[in-house]
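# Structural overview
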Amino acid sequence: MRGLVAVDAAEELVAAGADPAREVRVAVARGLAAVHAPVPEPLVPLLADPDPLVRGAALAALVATGCPPAYAERAATALSDPAWQARAGAAAALKAAAPTEAVPALAKALADPNADVRKAAVLSLPAHRTHHDAQSALATATRDPDADVRAYAARVAG
């Protein structure tokens, strides 16, 4: 995969996205985010992958490819995925979405039962500092029950 990324072989990466091995599909998602000019469209099959690790990696790749409205909607919907890995990837993806779409979804993600999802939401919120609700969401996260989430929130809020 690294070789394909190094030579910007996006088509070959897309073809490898059908590999039966989960680890390969995860590497494809990460590779599609690392090519010279990443775009979200090749990630579509991986966003619907049956494996939560692949879905999470594909969602997280949207940070690098951009997260236009249709993808932001998918990411916001994925915040309800049963798998925490997909929810964490979705929260990361929203970092690259428009603030009006991202901030309300990220604020809700701060109540997720999984600390990794809440941490991903906290790390995405600073990208939307100009949105009026982003700072109050971060302030809420400074009272999170998880020490790591509180520390990240305090660091990015201050």
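Before reading on, note that the structure itself is shown above.
What comes next is a walk through the structure. Counting from 1, residues in each chain are numbered in the order their sequence is written. Reporting of local features is limited, given that this is a predicted model, to residues whose pLDDT is at least 70; pairs of side-chain atoms are given and counted only at 80 or more, and all residues count toward the totals for whole chains, interfaces and linings. To obtain the side-chain values, all non-hydrogen atoms of the structure were used and water was disregarded.

## Things to note about the overall build of the chain
Secondary structure elements follow DSSP: runs of H or I of four or more residues count as helices, runs of E of two or more count as strands, with numbering from the N terminus. Each helix and strand counted, the chain has eleven helices and zero strands in total. Written out in order from the N terminus, the α and β elements of the chain read α-α-α-α-α-α-α-α-α-α-α. Atoms counted for the radius of gyration: C-alpha only. Globule rule: 2.2 Å times the number of residues to the power 0.38. The C-alpha radius of gyration of the chain comes to 16 Å, within 12% of the 15 Å expected for a compact globule of 158 residues. Considered along the principal axes of its C-alpha atoms, the chain spans approximately 45 × 30 × 25 Å. With a 1.4 Å probe rolled over the protein chains alone, any residue whose accessible area is under 20% of its type maximum counts as buried; one over 50% counts as exposed, and the rest are partly exposed. Split into buried and exposed, the 158 residues of the chain put 46% on the buried side. Accessible surface is estimated by sampling points in the Shrake-Rupley manner with a 1.4 Å probe; for residues, cover comes only from the protein chains shown. Just so you have it, the chain exposes about 7700 Å², and 58% of that area is on carbon and sulfur atoms. Note that His is not counted, nor are the chain ends; the positive residues are Lys and Arg, and the negative ones are Asp and Glu. Working definition for charges: the position is that of NZ of Lys, CZ of Arg, CG of Asp or CD of Glu. In the chain, the 15 positive side-chain charges and the 17 negative ones have mean positions that sit 8 Å from each other.

## Overview of the nonpolar core
For the purposes of this section, nonpolar cores are sets of buried Ala, Val, Leu, Ile, Met, Phe, Trp, Tyr and Cys residues that join through side-chain atoms within 4.5 Å. Counting 49 residues, the largest nonpolar core has Leu43, Leu46, Leu59, Leu62, Leu94, Val122 and Leu125 as the members making the most contacts within it. Sorting elements by how many residues they give to this core places helix α5 (residues 52–65) first, with six residues.

## Looking at the environment of Ala154
Checked against the element boundaries, Ala154 lands in helix α11 (residues 147–157). Each C-alpha atom of the pair Ala154 and Pro50 lies 36 Å from the other, and the pair is 104 residues apart in sequence.

## Considering the side chain of Asn114
As for its position among the elements, Asn114 is in the loop between α8 (99–109) and α9 (115–124). Assessed through its relative accessible area of 18%, Asn114 is described here as buried. Between N or O atoms, a polar contact is any pair within 3.5 Å; within protein, one atom must be a potential hydrogen donor and the other a potential acceptor, and residues adjacent in sequence are included only when both atoms are from side chains. A distance of 2.7 Å separates a polar side-chain atom of Asn114 from the backbone nitrogen of Asp116. In contact with Asn114, other than residues within four places in its own chain, are Trp84 and Arg87. By definition in these notes, contact holds between two residues if any of their heavy atoms fall within 4.5 Å.

## Some thoughts on the side chain of Asp144
Relative to the elements of secondary structure, Asp144 occurs in the loop between α10 (134–141) and α11. Since its relative accessible area comes to 7%, Asp144 is described here as buried. A distance of 2.8 Å separates a polar side-chain atom of Asp144 from the backbone nitrogen of Asp146. Non-local contacts of Asp144, meaning those with residues more than four positions away in its chain, are made with Leu110, Arg118, Val149 and Arg150.

## Description of the environment of Tyr71
Inspection of the secondary structure assignment puts Tyr71 in helix α6 (residues 69–78). Look past the residues within four positions of Tyr71 in its chain and what remains in contact with it is Pro40, Glu41, Val44, Leu47 and Leu62.

Spatial relationships are all this shows, so hold off on functional conclusions.
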